[in-house]
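Residue-level structural notes
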Amino acid sequence: MKETTATMAGMVLNIHVSEGDSVTKGQVLIILESMKMEIPIESSEEGIVDAILVGVGDFVNEGDVLVTIS
């Protein structure tokens, strides 16, 4: 199982995938908002989304696990 983490602290603005979705390497999974900028969080590998560990509006810190992929 691969974990996708936040690259910086911010608020979850949008979630582009659901649990069970197939994803490809480089696909945008989540958009974070930090310092009035939108930061796309991309998948580092292809696979199936096992779990989404955050919701829209959640504040996350750098390194927090957002999504797991198998």
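The structure reproduced in this document is the subject of the present report. Just so it is clear, the structure is predicted and the values come from calculations on it, not from any experiment. (Residues numbered from 1 in each chain as written. Predicted model: local features only at pLDDT ≥ 70, side-chain atom pairs only at ≥ 80, totals over all residues. Heavy atoms only, no water.)

**Let's talk about the overall build of the protein**
The condition is simple: Labels follow the DSSP assignment, with helices taken as runs of H or I lasting at least four residues and strands as runs of E lasting at least two, numbered in each case from the N terminus. Burial classes follow relative accessibility: with a 1.4 Å probe on protein chains only, a residue under 20% of its type's maximum area counts as buried, one over 50% as exposed, and anything between as partly exposed.
Scanning the protein from terminus to terminus reveals zero helices and eight strands. When its helices and strands are written in sequence order, the protein yields β-β-β-β-β-β-β-β. Counting only C-alpha atoms and orienting by the principal axes, one finds that the protein spans roughly 30 × 20 × 20 Å. Per-residue burial for the protein yields a buried fraction of 34% across its 70 residues.

**Comments concerning the sheet that holds strand S5 (residues 37-42)**
Rules: Following DSSP output, two strands are said to pair if at least two bridges run between them.
Judged by pairing direction, the sheet is antiparallel, and its four strands sit side by side in the order S5-S4-S2-S7 without closing on themselves. Each having just a single partner strand, S5 and strand S7 (59-60) make up the two edges of the open sheet.

**Focus on the environment of Ser 44**
Position of Ser 44 relative to the elements: it lies in the loop between S5 and strand S6 (47-52). As a C-alpha pair, Ser 44 and Lys 25 span 19 residues in sequence and 5.3 Å in three-dimensional space.

**A word on unusual backbone geometry**
The backbone of Met 35 sits at a positive phi, close to 50 degrees, despite the residue not being glycine. Structurally, Met 35 can be placed in the loop between strand S4 (28-34) and S5. The exposed category is assigned to Met 35, whose relative accessible area is 65%. Even without being a glycine, Lys 36 presents a positive backbone phi close to 65 degrees. By secondary structure assignment, the location of Lys 36 is in the loop between S4 and S5. For Lys 36, a relative accessible area of 81% gives the class exposed.

Everything listed here is a matter of geometry and, on its own, says nothing about what the molecule does.
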